[in-house]
Amino acid sequence: MAHAIAVEKGSGDFPAKLTGQVFLCCIVAAFGGFMFGYDIGISGGVTSMDDFLKKFFPTVYVKKHEAKEDNYCKYDNEYLQLFTSSLYLAAMVCSLIASKCCRRFGRKPTMQFASLFFLIGAVLNAAAMNLGMLIAGRICLGAGVGFGNQAVPLFISEIAPPKYRGALNCSFQLLITFGILIANLINYGTSRMVGYGWRISLGGAAVPALILGFGSLLIHETPTSLIERGKKDEGLAALKKIRGLENVEREYDEIVRATEMANKIKHPFRNLMKRSSRPQLVCGTLLALFQQFTGMNVIMFYAPVLFQTVGFGANASLLSAVITGCVNAVSTVVTILFADSFGRRFLLVEGAIQMLAGQCVAGGILAVHLQSTNAIPEKYAHILVIVVCVFVAGFAWSWGPLGWLIPSEIFPLETRTAGFFFAVSTNMICTFIIAQAFLTMMCHMKSATFFFFAVWIVVMMCFTIFFLPETKGIPIDEMNERAWKKHWYWKKYCIEEDEQKKSGDQADEDRSVISQ
Ligand code: BGC
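Remember, it's a predicted structure, so these values are computed and weren't measured experimentally.

Asker: How would you explain the overall build of the protein if you had to name every residue and give the values?
Answerer: A tally of regular secondary structure across the protein gives 23 helices and zero strands. Since a compact globule built from 516 residues should have a radius of gyration of about 24 Å, the 24 Å found for the protein is in line with a globular shape. For the protein, the spread of C-alpha atoms along the principal axes amounts to about 90 × 50 × 35 Å. A burial count over the protein gives 56% of its 516 residues as buried. A separation threshold of at least 6 residues defines the contact pool for the protein, and within that pool the share at least 24 residues apart is 81%. Counting every atom, the protein has about 20,600 Å² of accessible surface; 66% of that belongs to carbon and sulfur. Distance between charge centroids for the protein: 3 Å, based on 46 positive and 38 negative side chains.

Printed below as a string of structure tokens:
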């Protein structure tokens, strides 16, 4: 996710090298993204494995093998959905705790907490003897995601030299997609290990957790976090080391200024509720919501289950998930290369058109060719895989990375962290809703489920065209002047705010004239 808290005012021209320290810090931290991706990708494959279903969800196992069972309802089981979704609910709750932990103890300890939670979660899952252990493990992994997703993007954006910040942020999203892909590949391999394959898949999350845990012992706390917590000398020393330079005074002064300003805002959440913050709040929150209502995570979580539903064998289903994982990772590279030249709005609309076509064609194929108990003709099953790939590519070069990037760049400094927290938690709660509801929706709405997401895609496309200002190339501290005040709809909120400020200043002046 490219959801970094963006650059502070004026920081774009500081001298800074891409030192070995920076590189190491970013690679280690990005493993937080990899772990997030691994968790997204692993659950779908595992929930389609017979051994796993037999042990924890025997009724689903029986239904799956009942010839008469309705294709669309084979997997409809709220506990099975809870296995996938519980992680995101825990992540949402924990991201609030993590945002406080980040501020009070620093980014590095928050990442270390994340790796600890991940490790406990992976061990609990790999050793699970019953559903309770399994769900407890998922909740620990969710806590890891909550802590990791709050700390890692912040850490990367604070440690990276300004001119490499954008690319390093996008790499974080790229590592999420790598995590998903590796998880798909591991599922493909472990599905052949009868009896215990799922344990290896779930326990595999321990590897990136250990890398993050041990790696974090080698890296520095960010200068911003040290200065924010009053450790100014340590902050200056860390900045010199990270930048590989002695003359870091200007950047240091800028960090001190920004942290002092941010510390003055005692109630960022209250500030965010003001009418003048409405444009950013509405756009940031809706983008996070829309990102999930594209239906992307239906594919990420349930692709193997979905492919089995249409009649693929177990291996073919897992292989198809590997293919969609590859498409996801490769297409994300496209955004890294083109997000700043094509612009956000173009990519969002183009991606939406592609996803709309994908959802409609997939829904159409299922409506015509998949009844309750048949298998889809092979030709159409293959077309379905292609259509899913078109959909995934559309998401990966638009709403995927931009659904995180835009909320991170549109808020002014005084509401930035609070506003970003809103976007993160909206994303997590919507991920939870989709993960929890999809299999039930498939059972009741059948192929219409895909048209449900298609309607959402039309809504988000219209929203982008009419309500989202272009933010490409605009420094974040000039966003108000150059994006919001120029927008046909949102400008009235900014103008009202300016008028209120002016009349406030005028009243102050009048009062001082009278008192003289
Ligand atoms: C989304 C995840 C999604 C992933 C897929 C991220 O941007 O937030 O929910 O699973 O992209 O690559």
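Right, picking up where we left off after that structure.
Asker: I'd like a description of helix α6 (residues 131-159), backed by residues and values.
Answerer: With 29 residues, α6 should reach 42 Å at 1.5 Å per residue; the first-to-last C-alpha distance of 41 Å fits that figure. By the largest-angle criterion, G148 marks the main kink of α6, which is about 30°. Of all 29 residues in α6, 24 are buried, a share of seventy percent or more.

Asker: Break down the nonpolar core for me, with residues and values.
Answerer: The nonpolar side chains of soluble globular proteins are, as a tendency, buried together. Counting 129 residues, the largest nonpolar core has F52, F57 and W399 as the members making the most contacts within it. Core analysis: the next-biggest nonpolar cluster, separate from the first, contains seven residues, I227, L239, L245 and Y252 among them.

Asker: Can you lay out the site of the ligand for me, pointing to particular residues and giving the numbers?
Answerer: If you check the shell around the ligand, you find 13 residues, and the closest are Q291, Q292, N297, N328 and W404. Residue Q292 places a side-chain N or O atom 3.0 Å away from an oxygen atom belonging to the ligand. One nitrogen or oxygen atom from the side chain of N297 is found 2.5 Å from an oxygen atom belonging to the ligand. Broken down by secondary-structure element, the contributors of at least two residues to the shell around the ligand are α7 (165-190), α14 (278-293), α15 (296-309) and α19 (399-409). Tallying contributions element by element places α7 first for the shell around the ligand, with three residues. Its residues placed into classes, the shell around the ligand shows five nonpolar, eight polar and no charged.

Asker: Got a sec to walk through the pattern of salt bridges? Specific residues and values, please.
Answerer: Going through the model one piece at a time under the given rule, you end up with eight salt bridges. One salt bridge in this structure joins R243 and E251, with 3.0 Å as the shortest N-O distance. Take R243: its relative accessible area is 1%, and that puts it in the buried class. The exposure class assigned to E251 is buried, which follows from its relative accessible area of 7%. Close ionic contact of R344 with E409 constitutes a salt bridge, the shortest N to O distance being 2.9 Å. Here the residue R344 occupies a position in helix α17 (residues 344-369), and E409 occupies one in helix α19, the gap between them amounting to 65 residues. Here the two residues R344 and E409 agree in accessibility, since each one is buried.

Asker: Talk me through the environment of F117; I want residue IDs and the actual numbers.
Answerer: Along the chain, F117 falls in helix α5 (residues 107-126). Measuring from C-alpha to C-alpha, the distance between F117 and G106 comes to 17 Å, with 11 residues separating the pair along the chain.

Asker: Which residues make up α5, and what are the values?
Answerer: The terminal C-alpha atoms of α5, which comprises 20 residues, lie 29 Å apart, in line with the 28 Å expected from a rise of 1.5 Å per residue. Looking at α5, one finds that the buried residues are R107, K108, T110, M111, A114, S115, F118, G121, A122 and N125. End-on, the buried residues of α5 take up no more than an arc of 160°, which puts them together on one face. Contacts from the buried residues of α5 go to α1 (20-47), α4 (78-105), α6, α8 (197-203), α9 (206-215) and α10 (223-228).

Asker: How would you explain the side chain of T222 if you had to name every residue and give the values?
Answerer: Along the polypeptide, T222 turns up in the loop between α9 and α10. Accessibility expressed as a relative area gives 0% for T222, which makes it buried. Within the structure, the side chain of T222 is placed 3.1 Å from the backbone nitrogen of S225, a separation counted as a polar contact.

Conventions adopted
- Residues numbered from 1 in each chain as written.
- Predicted model: local features only at pLDDT ≥ 70, side-chain atom pairs only at ≥ 80, totals over all residues.
- Heavy atoms only, no water.
- Helix = DSSP H or I, 4+ residues; strand = E, 2+ residues; numbered from the N terminus.
- Rg over C-alpha atoms; globule rule 2.2 N^0.38 Å.
- Buried < 20%, exposed > 50% of the residue type's maximum accessible area, 1.4 Å probe, protein only.
- Contact = heavy atoms within 4.5 Å.
- Areas by Shrake-Rupley, 256 points an atom, 1.4 Å probe, with all protein chains shown as cover.
- Lys, Arg positive; Asp, Glu negative; His and termini not counted.
- Charge placed at Lys NZ, Arg CZ, Asp CG, Glu CD.
- Expected span 1.5 Å × (residues − 1).
- Bend = angle between axes of the 7 residues up to and from the residue.
- Core = buried A, V, L, I, M, F, W, Y, C linked by side-chain atoms within 4.5 Å.
- Near = heavy atom within 4 Å.
- Polar contact = N/O pair within 3.5 Å; in protein donor to acceptor, adjacent residues only side chain to side chain.
- Nonpolar A, V, L, I, M, F, W, Y, C, P; charged D, E, K, R; others polar.
- Salt bridge = Lys/Arg side-chain N within 4 Å of Asp/Glu carboxyl O.
- Arc of directions from axis to C-beta.

Function-wise, these values are silent; they only describe arrangement.
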